[in-house]
Amino acid sequence: MPQQIITANRLLDGRVVFLAANGEWSERVGASRVAQDDSDAALLQAEANLAAVERKVVAPYLIPVSTENGRITPLRYREVLRALGPSTHPEFGRPATATAAS
């Protein structure tokens, strides 16, 4: 099983967010808590589902990622785009540091 993280959209403003290591929701994929196996992934999904019930986020789901040198990278193109931000205009995209761990 590949490593996985949780992504969703924040209900307040619609931004793409990731479940962070501290339990909060971050706009930075690099801050994500990474599930190493199926049981970790199930715990992440349960925590994310609770946040959806609490109306913090909408439609949380697991995505496969790779981690190298502390950098978290989504494996699917769709998720890469979600992590980087809108592809319509550079002014609205996220900075390259969005994938940084700190």
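Look up: the structure comes first, before these words.
Residues numbered from 1 in each chain as written. Predicted model: local features only at pLDDT ≥ 70, side-chain atom pairs only at ≥ 80, totals over all residues. Heavy atoms only, no water.

A. Molecular detail of the overall build of the protein chain. The helix and strand tally for the protein chain stands at two helices and five strands. Each helix and strand of the protein chain, ordered N terminal to C terminal, gives the series β-β-β-α-β-β-α. The buried share of the protein chain, reckoned over its 102 residues, is 37%. Sequence separation of at least 24 residues holds for 53% of the intrachain contacts in the protein chain that already meet a minimum separation of 6. Accessible area of the protein chain: about 6000 Å², with a carbon and sulfur share of 57%. (Helix = DSSP H or I, 4+ residues; strand = E, 2+ residues; numbered from the N terminus. Buried < 20%, exposed > 50% of the residue type's maximum accessible area, 1.4 Å probe, protein only. Contact = heavy atoms within 4.5 Å. Areas by Shrake-Rupley, 256 points an atom, 1.4 Å probe, with all protein chains shown as cover.)

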